[in-house]
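Here is what each chain is made of, one letter per residue.
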Amino acid sequence: MEVKELHKTYAGALSPSLQGLSFTFGAGKVTGLLGPNGAGKTTTISILCGLVKAGGGQVHILGMPQDAAHREDIKRMIGVVPQQIALFPQLTAMENLRYFGNLYGFKGKALHDKISHYLQLFGLDKAADKEVGKFSGGMKRRTNIIAAILHEPKLLVLDEPTAGVDVQSRAMILQFLRDYNRQGHSVLYTSHLLEEAQQICEDVVIIDEGKMVVQGSPAALIQQHPQCRNLEDVFLHYTGHAVRD
Ligand SMILES: Nc1ncnc2c1ncn2[C@@H]1O[C@H](COP(=O)(O)OP(=O)(O)OP(=O)(O)O)[C@@H](O)[C@H]1O
């Protein structure tokens, strides 16, 4: 999977969000896309998934170019967990997931069994018939993930899936990502939690101001910089201490 020379300037924006961003991420790996606020992570993910049009450059997903001719094939092979919760608050978890399952073409008992399996896996079986609007933040995040995996995508893309959740929910989500990856699926995820990224990513891509800064395994990056004790030190080494507004 490859991102090559991506450029993006949003309509009306004074400066570009992506400025020739290039990186590759290997199939079958958990890859972390990391960067300070405004670095371009969400924009990159949105282009990868075909939700936002790039101003220039190329994206290849699972060997296919992300273009109009391949968009539908790619959509079937990827699952996207957006940063914002994308669920209907007035519907129950079961109703929400049935809706998303239908969009993927699943129906009836097969879909019901699949949803029940995942609700149980994510500790939500007892909340299946509760309105999602009344869920805790962690429950919403876990349901949001289930909505993206009902079709068992080969590539799962998650934008800050553990933002704002408690320790228990985070542990459950990270364990799921590890297990999902062990089953042969690729995972690309963004996070500001570098300790977490260090734990679960085989590979990290650090971007800043719309460009790739460095890529490698957390262990290799730490080893390359004797003054860095962990991935957070490496991140600060490359992106500096200045806050981004
Ligand atoms: N729809 C939009 N219109 C105009 N500018 C945008 C839009 N979406 C993002 N941007 C700008 O593009 C740049 C990159 O934003 P993006 O959301 O991709 O960064 P990010 O790395 O995901 O940030 P964060 O960590 O804060 O979520 C920022 O300067 C942002 O203000």
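For clarity, every value in this text was computed on a predicted model and none was experimentally measured.

(A) Geometry of the site of the ligand. The immediate surroundings of the ligand are formed by 13 residues, with Ser17, Lys41, Thr42, Thr43 and His192 found nearest. One nitrogen or oxygen atom from the main chain of Gly38 is found 2.8 Å from an oxygen atom belonging to the ligand. Between the ligand and the protein, one listed contact pairs an oxygen atom with a side-chain N or O atom of Thr42 at 2.8 Å.

(B) Seen up close, the sheet that holds strand β9 (residues 203-208). Across the sheet, six strands lie side by side as β6-β7-β8-β3-β9-β10; this open sheet has mixed pairing. Looking at which strands have only one partner, the edges of the open sheet turn out to be β6 (78-81) and β10 (211-216). The sheet shows a mean angle of 15° between the axes of neighbouring strands, direction not considered. Along the sheet face, helix α9 (residues 231-239) touches β3 (30-34), β9 and β10 and points at about 30° away from the line of β9.

(C) Quick peek at the state of the cysteines. Scanning the entire structure with this criterion turns up zero disulfides. Between Cys49, a free cysteine, and Cys201, which holds the nearest cysteine sulfur, the sulfur-to-sulfur gap is 16 Å. For Cys49, a relative accessible area of 6% puts it in the buried group. Cys201 gets classed as buried once you look at its relative accessible area, which sits at 6%.

(D) Looking closely at the nonpolar core. Formed by 47 residues in total, the largest nonpolar core has its most connected members in Leu119, Leu156 and Leu177. No other element matches the six residues that helix α5 (residues 137-149) contributes to this core. Not counting the four nearest positions on each side in its chain, Leu119 is found in contact with Ala93, Met94, Leu97, Leu124, Asp125, Ala128 and Ile146. If you look at the next biggest cluster of nonpolar residues, it comprises 24 residues, including Phe23, Met64, Leu188 and Ile207.

(E) Region of the structure containing the packing of α5 against helix α6 (residues 167-182). Between α5 and α6, the least distance of the axes is 10 Å, while the angle of their chain directions is 15°. By the angle between their axes, α5 is roughly parallel relative to α6. Handedness of the crossing formed by α5 with α6: left-handed. Here α5 contributes Gly138, Arg141, Arg142, Ile145 and Ile149 to the contact with α6, which in turn contributes Ser169, Met172, Ile173, Phe176 and Tyr180.

(F) Highlighting the packing of aromatic side chains. Overall, the coordinates contain five aromatic pairs when judged by the stated rule. Seen from their ring centres, Phe23 and Phe25 are 5.8 Å apart, and the 35° between their planes marks the pair as tilted. Judged on exposure class, the residue Phe23 and its partner Phe25 are both buried. Each residue in the set Phe88, Tyr99 and Phe100 is aromatic and connected to the rest through ring pairs, giving one cluster. Against the face of Tyr10 rests Lys8, its NZ or CZ located 5.2 Å from the ring centre.

(G) Representation of a nonpolar patch on the surface. There is a patch of nonpolar side chains on the surface, built from Phe88, Tyr99 and Leu103 and spanning about 290 Å² of accessible area. Secondary-structure assignment places Leu103 in helix α3 (residues 93-103).

(H) Quick peek at helix α4 (residues 108-121). Relative to the 20 Å expected for 14 residues at 1.5 Å per residue, α4 spans 20 Å between its end C-alpha atoms, a close match to the ideal helical length. Considered for burial, the residues of α4 that qualify are Leu111, Lys114, Ile115, Tyr118 and Leu119. End-on view of α4: buried residues confined to an arc of 130°, all on one side of the axis. Set apart from the buried face of α4 by more than 90 degrees, the exposed residues are Lys109, Ala110 and Gln120. Just beyond α4, the residue with positive phi is Gly123, at close to 65°.

What counts and what doesn't
Residues numbered from 1 in each chain as written. Predicted model: local features only at pLDDT ≥ 70, side-chain atom pairs only at ≥ 80, totals over all residues. Heavy atoms only, no water. Near = heavy atom within 4 Å. Polar contact = N/O pair within 3.5 Å; in protein donor to acceptor, adjacent residues only side chain to side chain. Pairing = 2+ DSSP bridges. Helix = DSSP H or I, 4+ residues; strand = E, 2+ residues; numbered from the N terminus. Axes fitted to C-alpha atoms, helices over the stretch in contact; angles between N-to-C directions. Contact = heavy atoms within 4.5 Å. Disulfide = S-S within 2.5 Å. Buried < 20%, exposed > 50% of the residue type's maximum accessible area, 1.4 Å probe, protein only. Core = buried A, V, L, I, M, F, W, Y, C linked by side-chain atoms within 4.5 Å. Parallel < 35°, antiparallel > 145°, perpendicular 65-115°, else oblique. Left-handed = near helix turned anticlockwise from the far one by under 90°. Phe/Tyr/Trp six-rings, centres within 6.5 Å; stacked < 30°, edge-to-face > 60°. Lys NZ or Arg CZ within 6 Å of the ring centre and 35° of its normal. Patch = residues over 30% accessible without salt bridge, like charges linked within 9 Å, V, L, I, M, F, W, Y side chains within 5 Å. Areas by Shrake-Rupley, 256 points an atom, 1.4 Å probe, with all protein chains shown as cover. Salt bridge = Lys/Arg side-chain N within 4 Å of Asp/Glu carboxyl O. Expected span 1.5 Å × (residues − 1). Arc of directions from axis to C-beta.

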